[in-house]
Amino acid sequence: MNVSDAVAIARKGPPKPSDLLSRIPGNAAPHQMSDPFDIGEALTALSLSGDPVTVYSGIQDPILVRIESVDAELPHFVLDFTGSDMPVTHHATFVSAIGGNAKLQFELESDWESLPGQPHLVPASFPEHCLVLNRRSARRVETPVGANYSASFGLSGRQYELPLYDFSQGGVGMRATPEQCFGLHVGKKLIGVRLELGPALVVTADLEVRLMRPFRTFLLGEQVQIGCSFVNISMQFQQTLERFLTNGRTERRAATV
């Protein structure tokens, strides 16, 4: 099944009431995402997955939409209101789940004017910023620039060596080009992966691919985010990684003082 087929299946029929999401609560501690490239990547992920987005507008009941397409260069995107009413106020709040582990929320001001001949499609400009509430049980740590953080493993007679962009007690995130992803898919088990976490720690672990998301950067071009969780790790491994994460955070805090 190709990407377009998968998206078409995901988009069949209007979103269901069970897809409604609540706003990020006022007592939560989300971080703010303001980089237009990061915002474009998040919106593109929602467009590719076909996941529904909840819209709050005044006293109107929450409505559900999808993101039809994204043009990161303009930058704007198109909302699909199929099966839903338009917002009754100029200001609306949009809430979605993204990546299976975070909640994304942003505000838009618009007249909600549809495209000619397509009354269910409404263009919109990128929001200036988004709130992101991470729901992972283990906080991830981004790998420092210039240090060697990598994952090496063999699969079907092919050797892989991919850079890590973050890691936690629950798993690791890798980055690759589309060509380097050949043979990888969600649910794939990676056995005996050698993880090089800087100069201080090298460990071997089994991983399961839980997320594959395409994105684009100006420096690296087309890339794929590969999120993996640890599988059947021992208590000793967990304790080793916990000590490493704790000491690493302490050292990074000390370096910034």
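Residues numbered from 1 in each chain as written. Predicted model: local features only at pLDDT ≥ 70, side-chain atom pairs only at ≥ 80, totals over all residues. Heavy atoms only, no water.

Under an unreviewed UniProt entry, the protein has the name Flagellar brake protein containing PilZ domain protein and belongs to Massilia aurea.

Caption draft 1: Layout of the packing of aromatic side chains. In this structure the tally under the stated criterion is 8 aromatic pairs. Judged by centre distance (6.1 Å) and plane angle (55°), the rings of Phe-77 and Phe-126 are tilted. Here Phe-77 is found in strand β4 (residues 76–80), whereas its partner Phe-126 is found in the loop between β7 (121–125) and β8 (130–134), with 49 residues between them in sequence. Here Phe-77 falls in the buried class, since its relative accessible area comes to 0%. Judged by relative accessible area, which is 12%, Phe-126 ranks as buried. Taken together, the ring pairs connect Phe-77, Phe-81, Phe-94, Phe-106, Trp-112 and Phe-126 into an aromatic cluster. (Phe/Tyr/Trp six-rings, centres within 6.5 Å; stacked < 30°, edge-to-face > 60°. Helix = DSSP H or I, 4+ residues; strand = E, 2+ residues; numbered from the N terminus. Buried < 20%, exposed > 50% of the residue type's maximum accessible area, 1.4 Å probe, protein only.)

Caption draft 2: Quick peek at the sheet that holds β8. The strand order β1-β8-β6-β5-β2-β3-β4-β7 describes an open sheet built from 8 strands, whose pairing is antiparallel. The sheet terminates laterally at β1 (31–33) and β7, the two strands that pair on one side only. Across the sheet, the axes of successive neighbouring strands diverge by a mean angle of 35°, strand direction being ignored. When strand β2 (residues 53–56) meets strand β5 (residues 91–98), the two strands line up antiparallel, connected through 3 bridges. From the neighbouring strand, Val-55 faces β5, where its bridge partner is Phe-94. Against the sheet, helix α2 (residues 36–49) makes contact with β1, β2, β3 (63–71), β4, β5, β6 (102–109) and β8, and its axis sits at roughly 115° relative to β3, the strand it touches most. (Pairing = 2+ DSSP bridges. Axes fitted to C-alpha atoms, helices over the stretch in contact; angles between N-to-C directions. Contact = heavy atoms within 4.5 Å.)

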